[in-house]
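An overview of the molecular structure
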Amino acid sequence: MVLMEIRLEDDRVTRLTKTGLPIVTIGRIAEPHDMSWIDIDYSGLIARCVRHLADLGHRHVALVNRCAELVAAGYGPSHRALTGFRAAAADRGLTGEENLRQRRVVPQGGQDPVGTDASWPEQYARL
């Protein structure tokens, strides 16, 4: 069985593991001991992006993360991205702005309002 959209604390993983069925997760729980999983290093990826922006001369960076609903639910990629963002911004002495998307999906027509929002200060490079 393949299970996706994993939270840091995910009861689905615990329940399925107890059944003895073979499972692989796309994403991982906070402590993924003795389980098979595939994931992206979101913390490292975002940190690398922040360092790149710093190398380009940006002093203010913003992370546009998943919606508050997913972050509050413990969605792993959101938390790992935030960890990498905070660490890299602090390491480079940058002003870091964290922003949660207001909705889970891009509205019909494909335009994401976060990407073109005029209320963002011009000095911020956005991730």
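In what follows, the structure referred to is the one given above.
So, about the overall build of the protein chain. The helix and strand inventory of the protein chain stands at five helices and six strands. Moving toward the C terminus, one meets the helices and strands of the protein chain in the order β-α-β-β-α-β-α-α-β-α-β. If you sum the accessible surface of the protein chain, you get close to 8,100 Å²; carbon and sulfur atoms cover 53% of it.

Looking now at a nonpolar patch on the surface. Together, Val2, Met4, Val24, Ile26 and Ile38 give the surface a local cluster of nonpolar side chains, amounting to about 440 Å² of exposed area. With respect to the secondary-structure elements, valine 2 resides in strand 1 (residues 2-3). Residue class for valine 2 comes out exposed when judged on its relative accessible area of 58%.

So, on to the nonpolar core. Core analysis: the biggest nonpolar cluster contains 13 residues, and Ile46, Val50, Val61, Leu63, Phe85, Ala88 and Leu94 have the highest contact counts within it. Mapped by element, the contributors of at least two residues to this core are helix 2 (42-55), strand 4 (60-67) and helix 4 (76-92). In this structure, alanine 88 is in contact with Ala47 and Val50, ignoring residues within four places of it in sequence. In this structure, Leu3, Leu16, Ile29 and Met35 belong to the second largest nonpolar core, which totals seven residues.

Here we come to the sheet that holds strand 2 (residues 24-26). Taken in spatial order, the three strands make up an open sheet running 1-2-3, and their pairing is parallel. Because the sheet does not close on itself, it has two edges, and the strands there are strand 1 and strand 3 (36-38). The sheet contact formed by strand 1 and strand 2 spans two bridges and is parallel. Pairing of leucine 3 across the sheet is with threonine 25, part of strand 2.

Parameters and conventions
- The residue numbers shown here count from 1 along each chain, following its written sequence.
- Local features in a predicted model are, by the rule used here, given only for residues with pLDDT of at least 70; side-chain atom pairs are given and counted only at 80 or more, and totals for whole chains, interfaces and linings are based on all residues.
- To obtain the side-chain values, all non-hydrogen atoms of the structure were used and water was disregarded.
- Here a helix means four or more residues in a row that DSSP labels H or I, a strand means two or more in a row labelled E, and each is numbered from the N terminus.
- Values of accessible area rely on a 1.4 Å probe in the Shrake-Rupley scheme; residue burial ignores everything except the protein chains shown.
- By definition, no residue in a patch forms a salt bridge, and every one has over 30% relative accessible area; like charges are joined within 9 Å, nonpolar side chains (Val, Leu, Ile, Met, Phe, Trp, Tyr) within 5 Å.
- The term salt bridge refers to a side-chain nitrogen of Lys or Arg lying within 4 Å of a carboxyl oxygen of Asp or Glu.
- A simple rule labels every residue: compare its accessible area, found with a 1.4 Å probe on the protein chains alone, to the largest value its type can have, and call it buried under 20%, exposed over 50%, or partly exposed in between.
- Throughout, nonpolar core names a set of buried Ala, Val, Leu, Ile, Met, Phe, Trp, Tyr and Cys residues whose side chains join them through atoms within 4.5 Å.
- Every residue pair with non-hydrogen atoms within 4.5 Å of one another is taken to be in contact.
- The pairing criterion for strands is at least two bridges between them, as found by DSSP.

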